[in-house]
Amino acid sequence: MASVVSVGDFNKDFYITCSPNHVNTSKDEHERSLILDQSSGSGFASNDMFLFGQIDMQIKLVSGHSAGTVVAYYLTSDQPNRDELDFEFLGNVTGQPYILQTNIFADGFDNREERMYLWFDPTKDFHTYSILWNLHQIVFMVDWVPIRVYRNHADKGVPFPRRQPMSIKASLWNGDSWATRGGHDKIDWSKGPFIASFRNYKIDACVWRGNARFCRTDSETNWWNKERFSTLNWRQRKLFKWAIKYHLIYDYCKDNKRFNNILPKECSLPKY
Ligand SMILES: *[C@@H]1O[C@H](CO)[C@@H](O)[C@H](O)[C@H]1NC(C)=O
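Quick summary incoming for the structure in this document. Just so we're clear, the structure is a prediction, and the values are computed from it rather than from any experiment. Every residue gets a number counted from 1 within its own chain, in the order that chain's sequence is written. Reporting in this predicted model follows two pLDDT cut-offs: at least 70 for local features of residues, and 80 or more for side-chain atom pairs to be given and counted; totals over whole chains, interfaces and linings ignore these cut-offs and use all residues. Each side-chain value is derived from all of the structure's non-hydrogen atoms; neither hydrogens nor water enter the calculation.

## Focus on the overall build of the protein
Rules: Each helix is a run of H or I in the DSSP string that is no shorter than four residues. Each strand is a run of E no shorter than two, and both are numbered from the N terminus. Throughout, radius of gyration means the C-alpha value; the globule benchmark is 2.2 Å times the number of residues raised to the power 0.38. Only protein chains enter the area calculation, which uses a 1.4 Å probe; residues under 20% of their type maximum are buried, those over 50% are exposed, and those in between are partly exposed. Note on definitions: a residue-residue contact is assigned when non-hydrogen atoms from the two residues lie within 4.5 Å. Reported accessibility uses the Shrake-Rupley method at a 1.4 Å probe radius. Residues are deemed covered only where the shown protein chains occlude them. In this tally, Lys and Arg are treated as positive and Asp and Glu as negative; His is ignored, and so are the chain termini. Where a charge sits is defined by one atom per residue type, namely NZ (Lys), CZ (Arg), CG (Asp) or CD (Glu).
Counting its regular elements, the protein contains two helices and 17 strands. A globule of 272 residues ought to have a C-alpha radius of gyration of about 19 Å, and the protein, at 18 Å, matches this closely. With respect to the principal axes defined by its C-alpha atoms, the protein has extents near 50 × 45 × 35 Å. Burial analysis of the protein (272 residues in total) assigns 54% to the buried set. Restricting to contacts in the protein with at least 6 residues of sequence separation, those with at least 24 account for 67%. As displayed, the protein offers around 12900 Å² of accessible surface, 50% of which is attributable to carbon and sulfur atoms. Positive and negative side-chain charges of the protein, numbering 34 and 31 respectively, have mean locations separated by a distance of 6 Å.

## Some thoughts on the state of the cysteines
What counts is decided by this rule: Put simply, a disulfide is two cysteine sulfurs that come within 2.5 Å.
Taken as a whole, this structure holds one disulfide when the rule is applied. The disulfide partner of Cys253 is Cys267, and the gap between their sulfur atoms is 1.9 Å. In this structure the cystine formed by Cys253 and Cys267 twists about its S-S bond by roughly -80°; its chirality is therefore left-handed. In this pair, Cys253 is assigned in the segment after β17 (248-251) and Cys267 in the segment after β17, connecting sequence segments 14 residues apart.

## Regarding the pairing of strand β9 (residues 99-105)
For clarity, the cut-off: For two strands to pair, DSSP has to find at least two bridges joining them.
Most of β9 is tucked away, with seven of its seven residues classed as buried. Alternating positions in β9 separate into two faces, Ile99, Gln101, Asn103 and Phe105 on one and Leu100, Thr102 and Ile104 on the other, with burial throughout. Sheet topology note: the strand β8 (residues 84-90)/β9 ladder contains seven bridges and is antiparallel. Bridge assignment links Phe87 to a residue of β9, and that residue is Thr102. Here β9 runs beside strand β10 (residues 114-116); their pairing, made up of three bridges, is antiparallel. Across the sheet, residue Gln101 finds its bridge partner in β10, namely Arg115.

## A look at the packing of aromatic side chains
Applied cut-off: Note on aromatic pairs: the rings of Phe, Tyr and Trp (six-membered ring only in Trp) are paired at centre separations within 6.5 Å, and the planes decide the class, stacked below 30 degrees, edge-to-face beyond 60, tilted for the rest.
For the structure shown, the criterion picks out 19 aromatic pairs. Judged by centre distance (5.5 Å) and plane angle (10°), the rings of Tyr73 and Phe87 are stacked. On the criterion of sequence distance, the pair formed by Tyr73 in strand β7 (residues 69-76) and Phe87 in strand β8 is long-range, its members being 14 residues apart. What makes Tyr73 buried here is its relative accessible area of 1%. When the ring of Phe89 is compared with that of Tyr129, the centres are 4.9 Å apart and the planes differ by 75°; the resulting orientation is edge-to-face. You can see Phe89 sitting in strand β8 and its partner Tyr129 sitting in strand β11 (residues 127-133), a full 40 residues away along the chain. Given a relative accessible area of 0%, Phe89 falls into the buried group. Connected via pairs of aromatic rings, a cluster forms that spans Phe10, Phe14, Phe44, Phe198 and Tyr201.

## Things to note about the pairing of β8
Within β8, seven of the seven residues are buried, which leaves the element mostly enclosed by the surrounding structure. Residues Glu84, Asp86, Glu88 and Leu90 of β8 are buried on one face, and the alternating residues Leu85, Phe87 and Phe89, pointing to the opposite face, are buried as well. Of the strand pairs in this sheet, β7 and β8 are connected by seven bridges, and their pairing is antiparallel. If you follow Leu75 over to β8, its bridge partner there is Leu85.

## Details of the site of the ligand
The line we're drawing: Only a single heavy atom is needed: when it lies within 4 Å of a molecule or strand, its residue is near that molecule or strand. The definition of a polar contact used here is a pair of N or O atoms within 3.5 Å, where within protein one atom must be able to donate a hydrogen and the other to accept one, and adjacent residues in sequence count solely through side-chain atom pairs.
Taken together, Leu90, Gly91, Asn92, Gln96, Pro97, Ile99, Tyr117, Ala179, Thr180 and Arg181 make up the full set of residues near the ligand. Contact between the ligand and Asn92: an oxygen atom at 2.5 Å from a side-chain N or O atom of the residue. Here Gln96 contributes a side-chain N or O atom positioned 2.5 Å from an oxygen atom of the ligand. Look at the ligand: alone it shows 360 Å² of surface, and the protein chains cover 76% of it.

In structure tokens:
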């Protein structure tokens, strides 16, 4: 059995990073909503930092007219040469699809965006968005479907987040200068306030305290670093291929123009 560092108590594990009056937490502390209106956005961050593990978060996005709003859910080391693993949800005008953008910073460099449409309406129900992070790979998952894999190719000179602990953050903010159709669709404040909800997260990770990594006793074995999780299994590969084939709309690794035909190294290396 894998250990669980923490399940779903927002007041215990997270602090509010901005605008407490734009944050609502349910009585049982298992659900938290972020609010964006003309006066402010809002966000929360974990009290602890983590080094390797898996984080699952259930999220329900802004319904109706969400154009210009951005929900971010990410891990970040917050250092100048930062490591960061991002889920960013870009809203849209009523009836048009959300875009899920992912990005990876390693040793301070990013420019690794991927964008996709989801295969469901993410504003109707909660769905689980996960990040598996171990020494071998980083896997972004949506309802356990791998949508993005970033392999550790550090031996070939590709930066891989593996030394800096990261905290978990979430926020809802105004991104209407760029988010929807490249900034074309602005926030319509008359449709606000805009609300996104988070619930039933699960943090199963090694905690970073005083410059050392602590794993729970039954997790000393670091299940996520085990052979079984060092690469996608055949079932995950199938799902991953399906997600890429039918839902990916932008891949930095295909953007020759942006990189003047010199694509980042990882683009030509295997993902599993
Ligand atoms: C919003 O809808 C338009 C039209 O369907 C689409 O082109 C765009 O990719 C959608 N998402 C965003 C975030 O712009």
